[in-house]
Structure formats: structure tokens, C-alpha cells
Amino acid sequence: QVQLAESGGGSVQAGGSLRLSCVFSGYTYGTTCMGWFRQAPGKEREAVTTIYPFGSSTFYADSVKGRFTISQDYAKNTVYLQMDSLKPEDAAMYYCAAAPRATFSQCNLQAPFAYWGQGTQVTVSS
């Protein structure tokens, strides 16, 4: 019943920026815990950041703090990931995810994410 669609990936030089978008449909967006994950070849999936739209509580992985910013737009049912000062190690497939069971206090990097988009590729060249 939940559908997620990511976009905005591409190629950028180190130090550059990209803005990813995730359009949500099929459930109650405002009270659904949302997150961004990434997975590079040969590595396990990593939780990057989360947001609870109604209240805007956010969390970030240490590896992206100060460089990435998650935000959302109620009118568009869309979550964004602004990525600045990109590094080659940020290159990965980025996935949008939703955790409908998580409450406000449970919406963090360990939340029970159950729905996933198909991903958008981010490439960073040196």
C-alpha cells in the first residue's frame, strides 16, 4: 500500500552537491517515519538519516553530519536529501524508506523500516 519513488541521483565532482527527492504515496505521510539509506558495492546497507515529518525530528549518521540535510514538504508528500561537500566515499545507491509502525520517539536510525524505493545512483568523482 506504500509506494516510494526516488529521483535526483547523478554524477558530481568531489566537493559538489546533489539534492535527492522521494515522493511518498499510499499511507499517512505526515505521521510516517521516513529515511534515507545507501549501499555501495561490497558494503552493507547504511542508514544515513531519518525524519518524522510531523515535528521534524531528525537523526544523522556520523559519516554525514554537517554535510547532509534531510527535509520534507507536506504539500508534495516529498522528502529531500540535500548532499553537500560530497566525497568519493559517498558514492552509492541511495534508497528512500518508510517505517509506518515507528512512533515519533522511535523514528531514528534503528527504526523498523519496511518499505523501500528502487533507488537512485550517486557517483562522486575525485
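Residues numbered from 1 in each chain as written. Predicted model: local features only at pLDDT ≥ 70, side-chain atom pairs only at ≥ 80, totals over all residues. Heavy atoms only, no water.

Right, let's talk about the state of the cysteines for a bit. This structure, assessed with the given rule, holds two disulfides. Here C33 pairs with C107 through a disulfide, and the sulfurs are 2.1 Å apart. Its torsion about the S-S bond being 80°, the disulfide of C33 and C107 is classed as right-handed. On the criterion of sequence distance, the pair formed by C33 in strand β4 (residues 33-39) and C107 in the loop between β9 (92-99) and β10 (115-116) is long-range, its members being 74 residues apart. The same class applies to C33 as to C107, namely buried. Regarding the disulfides, the protein chain carries the connectivity 1-3, 2-4 under sequence-order numbering of its bonded cysteines. (Disulfide = S-S within 2.5 Å. Helix = DSSP H or I, 4+ residues; strand = E, 2+ residues; numbered from the N terminus. Buried < 20%, exposed > 50% of the residue type's maximum accessible area, 1.4 Å probe, protein only.)

What you see with strand β11 (residues 120-125) is a clean split: T120, V122 and V124 sit on the buried side and Q121, T123 and S125 on the side with no burial. As paired strands, strand β2 (residues 10-13) and β11 are joined by four bridges and run parallel to one another. Directly across from Q13, in β11, lies its bridge partner S125. Pairing geometry for β9 and β11, over three bridges, is antiparallel. In the sheet register, A92 faces β11, and the bridge partner there is V122. (Pairing = 2+ DSSP bridges.)

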